[in-house]
Every structure is written in structure tokens, then in C-alpha cells.
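Structural characterization, general
Chain residues, written in single-letter form:
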Amino acid sequence: MKKIRIVLAEDDEDDRLFFKEAINQLDLNTEIKFVADGDELLKYLNDPESHFPDLVFLDLNMPRKGGIQSLSEIRASQKLTGLSVAIYSTSSSDEDIENCFIGGANVYIKKPNNIESLKSVLFKVITTNHQYINSTMNKDNFLMVV
Amino acid sequence: MKQVLGYQTHTLVRKVIEKEIEKLGIEYSYSGTGHIELMNDINSEDYNKLKLNLLEYGIYIQSNHQQQMVQRIKDAIDEFLSFEENYNYNLSTYISEKLELNYTYASNLFSENTLITIQSHIILKKIERAKIMMLSGKYSLTEIAYKLNYSSPAHFSGQFKKVTGLTASQFEKIISKRNFSDSEN
């Protein structure tokens, strides 16, 4: 099966390692690219040399360019329309969740604090996104909280 | 003015495919569920042209046999869900009769190639249909639940929440706010 390409934008190194470990333990054919903030993310996404990812995970609080700003730039870009964005955040306030969705996020993940829950969350998000991409479903209606 | 569109993917896809094949003057027969038989051998130039033209609509010619089968299973599921009268049948019987396949074989093939089981795929598809019906504004949640063959509105709401993490009304609220903020910009 085709490789699933994932980008994680996250400034915290521990969080990146945790994420990497969880994803590697899943039996999915994935390839991860890490970027440390929104600036680096947008540069990567707009670089014609980069592979277009299936899914971007976006931390809300990052230096230079944060998650909300990055999300709005992704949604405003014609080239990046159609990219699935999952917000990856410690906040679980209804207001934050709603604002991310209104801003164009597809998935809102409340950062789990143990590896088993992170694994099951990532599995659900990656496989659901895979269906949206491969089974003619309208991505505008792809909203999910996990 | 924003309008909500409802559409039947399989009708749409069929029309596009027919148009594109006819454009190249190829004789074909359409046997449903996205399965097409070309009556004559076509040259590779025409084949590539057809492949590229269809790709513009996001339609792939599946070259590998397993992918072809998975696509046919997906199409059979879409077709099953599109007509309420099908709900009298058992889906596994429907799939195996329609595709002349053993259901266990079909279901293994499906999971191996799509990352999820046929059952989860169907749940996801039903929830997607429910979303389109909700956004059309024509149906109450109770009507949607029965139209999609849930045993009760509570069963439907429970499954919606389980799949999306949102309640049906949260979902509607977010989409309407999103559309509103789009039209302001």
C-alpha cells in the first residue's frame, strides 16, 4: 500500500519524540517529517521539492508562527486546499475547539498523556483521514474530536 | 447566497466516465459498480488519454487487481446505502451476490487494502450521508435516523458522537459558523 505521509509541527522536542514513538508502534506504512514551528511548516508545504503530505498535525502554541495562524494560511492558499489538518493541543476548551474548526481544521486532538491512548488516537485519525482521501467523501464535512 | 448541494456520487461518476469514453469513440459496456468493459482493445495512446482525462475528475483506473476489487466493494456499498429499499437485505449477502465473491474473502481483502474493516467503512459512510442530510435542512434528526436504518434516534446520535467526537447539533453549529465566516471574507 502507498506510504502515508505525515508532517508534525511541534516546537517541544519531548512531544516530538513521544509522537514518533507512538506512530512507529502502529502497524501503518507512515513517513513523518518534523518541523518546529509554523514558519518552517509553511516553507516546507510551499516547497515544490517536498512531497505533499496526507495529513498535518499542528500544535497550537509554537513560537514565531502558531497553529491558528498557520491554519489560516493553509486554508487561504489555493495550492494547499484539500490538505487535512489535525490540531494537536493541550487545551480542551470548547471555545478553542470550535475556533479551530471554524478556521478550517478537520480534526481536534486533545494531547493524550500516555502512549497507548496516543496510539489509538493517531490510528483513528490516520485511518479516518485515509477514507476521506480514498473513498470520495466530502472533506468539508470532515470534523472530528478525539 | 450559499446553497447546500446533495449529490449521488455514483450517478455523477457514471456520467463523467460515459462522457469521457464516448469522447474517444470507444465502445464499452457499463456493468454497474464502477466496472467497465471495453469492447475492443484500445491503443495505449487512447488508454493514456482516458486515464489522464478521468484523473482530472479524481477518477482512477485501477490497475492492480486487488485495488480493482476493493473499489468494486466500495461502490457496491455506496449503491447499497443509496437506496432505502436495499436495507431489507443483509449487506454481506448484497456484496457477495453483487460481486460474486465470498464475503469473508471480500472483507479480508478490504481490510488489508484500506486500513479499516467493511463494517467501519459503512458506519463512516452512513455518518457522511447523515451530515449531508442534516446540512440540507430538510430532515429532522429522527427522520435521518430512520432513513439510514438506525433502530432509534438515540442509536444514531450515539454513533454520530462516537465517530466524530461531536454531537449532531455541535456539528451543524460549527459548519454554519464556518460558512458564515467564509462569506464575510
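Residues numbered from 1 in each chain as written. Chains lettered and ligands numbered in written order. Predicted model: local features only at pLDDT ≥ 70, side-chain atom pairs only at ≥ 80, totals over all residues.

**Observations regarding the overall build of chain A**
The secondary structure content of chain A amounts to five helices and six strands. What you see in chain A, going N to C, is helices and strands ordered as β-α-β-α-β-α-β-α-β-α-β. On C-alpha atoms alone, chain A measures out to a radius of gyration of 14 Å, which is about the 15 Å that the 2.2 N^0.38 rule sets for 146 residues. Overall size of chain A, expressed as C-alpha extent along the three principal axes, is 35 × 35 × 30 Å. Taken over 146 residues, chain A has a buried fraction of 36%. Pairs at least 24 apart in sequence give 67% of the contacts found in chain A among residues at least 6 apart. (Helix = DSSP H or I, 4+ residues; strand = E, 2+ residues; numbered from the N terminus. Rg over C-alpha atoms; globule rule 2.2 N^0.38 Å. Buried ≥ 20, exposed ≤ 12 C-beta atoms within 10 Å, placed from the backbone. Contact = placed C-beta atoms within 7 Å.)

**Overview of the overall build of chain B**
In terms of helices and strands, chain B carries nine helices and two strands. Walking chain B from its N terminus toward its C terminus, one meets helices and strands in the order α-β-β-α-α-α-α-α-α-α-α. By its C-alpha atoms, chain B is 55 × 45 × 30 Å across when sized along the principal axes. Split into buried and exposed, the 185 residues of chain B put 18% on the buried side. Considering only residue pairs separated by 6 or more positions, chain B has 51% of its internal contacts joining residues 24 or more positions apart.

**A look at the pairing of strand β2 (residues 30–35) of chain A**
Residues and elements named next belong to chain A. Strand direction decides the pairing type here: strand β1 (residues 4–9) and β2, joined by six bridges, are parallel. Of the residues in β2, the one forming a bridge with I4 is T30. You can see the chain leave β1, run along helix α1 (residues 13–25) and come back into β2, and the turn it takes is right-handed. (Pairing = 2+ DSSP bridges. Right-handed = clockwise from strand over helix to strand, strands pointing away.)

**Considerations on the domain arrangement of chain B**
If you check the domain split of chain B, you get domain 1 (4–63), domain 2 (66–115) and domain 3 (121–184). The C-alpha centroid of domain 3 of chain B is placed 32 Å from the C-alpha centroid of domain 1 of chain B. (Domains from an automatic or database assignment.)

**So, the nonpolar core**
By size, the foremost hydrophobic cluster in this structure holds 48 residues, and its most contacted members are A9(A), F57(A), L58(A), A86(A) and I87(A). In this structure A86(A) touches L55(A), V56(A), F57(A), L58(A), N106(A), V107(A), I109(A) and V125(A), once residues within four positions along its chain are discounted. (Core = buried A, V, L, I, M, F, W, Y, C linked by C-beta atoms within 7 Å.)

**Structural notes on helix α3 (residues 67–76) of chain A**
All names here are of chain A. Considered for burial, the residues of α3 that qualify are G67, S70, L71 and I74. Buried residues of α3 fall within an arc of 100° about the axis and therefore sit on the same side. Those residues of α3 that are exposed and aimed more than 90 degrees away from the buried face are S72 and A76. (Arc of directions from axis to C-beta.)

**Section: the interface of chain B and chain A**
In this assembly, 18 residues from chain B lie in contact with 17 residues from chain A. At the level of secondary structure, the elements contributing two or more residues to the side of chain B that touches chain A comprise α5 (103–114), α6 (118–136) and α9 (168–184) of chain B. Residue composition of the side of chain B that touches chain A, by class: six nonpolar, seven polar and five charged. (Nonpolar A, V, L, I, M, F, W, Y, C, P; charged D, E, K, R; others polar.)

**Structural notes on unusual backbone geometry**
All names here are of chain B. Backbone geometry at E100 places phi at a positive 50°, although glycine is not the residue there. Within the secondary structure, E100 is located in the loop between α4 (91–99) and α5. At N149, a residue that is not glycine, the phi angle is positive and equals roughly 70°.

**Description of the packing of α6(B) against helix α8 (residues 153–164) of chain B**
Residues and elements named next belong to chain B. Following both chains from N to C, one finds α6 and α8 inclined at 105°, their axes separated by 10 Å at the closest point. Compared by their axis directions, α6 and α8 come out roughly perpendicular. Residue-level contacts link I123, L124, I127 and A130 of α6 to Q159, F160, V163 and T164 of α8. In terms of residue class, the contact of α6 with α8 is built from six nonpolar, two polar and no charged. (Axes fitted to C-alpha atoms, helices over the stretch in contact; angles between N-to-C directions. Parallel < 35°, antiparallel > 145°, perpendicular 65-115°, else oblique.)

**Describing the sheet that holds strand β5 (residues 107–110) of chain A**
All names here are of chain A. The strand order across the open sheet formed by six strands is β2-β1-β3-β4-β5-β6, and the pairing between neighbours is parallel. Every other strand in the sheet has two partners, leaving β2 and β6 (144–145) as the edge strands with one partner each. Bridging between strand β4 (residues 84–89) and β5 involves four bridges; their strand directions are parallel. In the strand pairing of β5, I87 is matched with Y108.

**Concerning the pairing of β5(A)**
Residues and elements named next belong to chain A. The handedness of the β4 to β5 crossover, carried by helix α4 (residues 94–102), is right-handed. Sheet topology places β5 next to β6; two bridges connect them, and they run parallel. By the bridge assignment, Y108 is partnered in β6 with V145.

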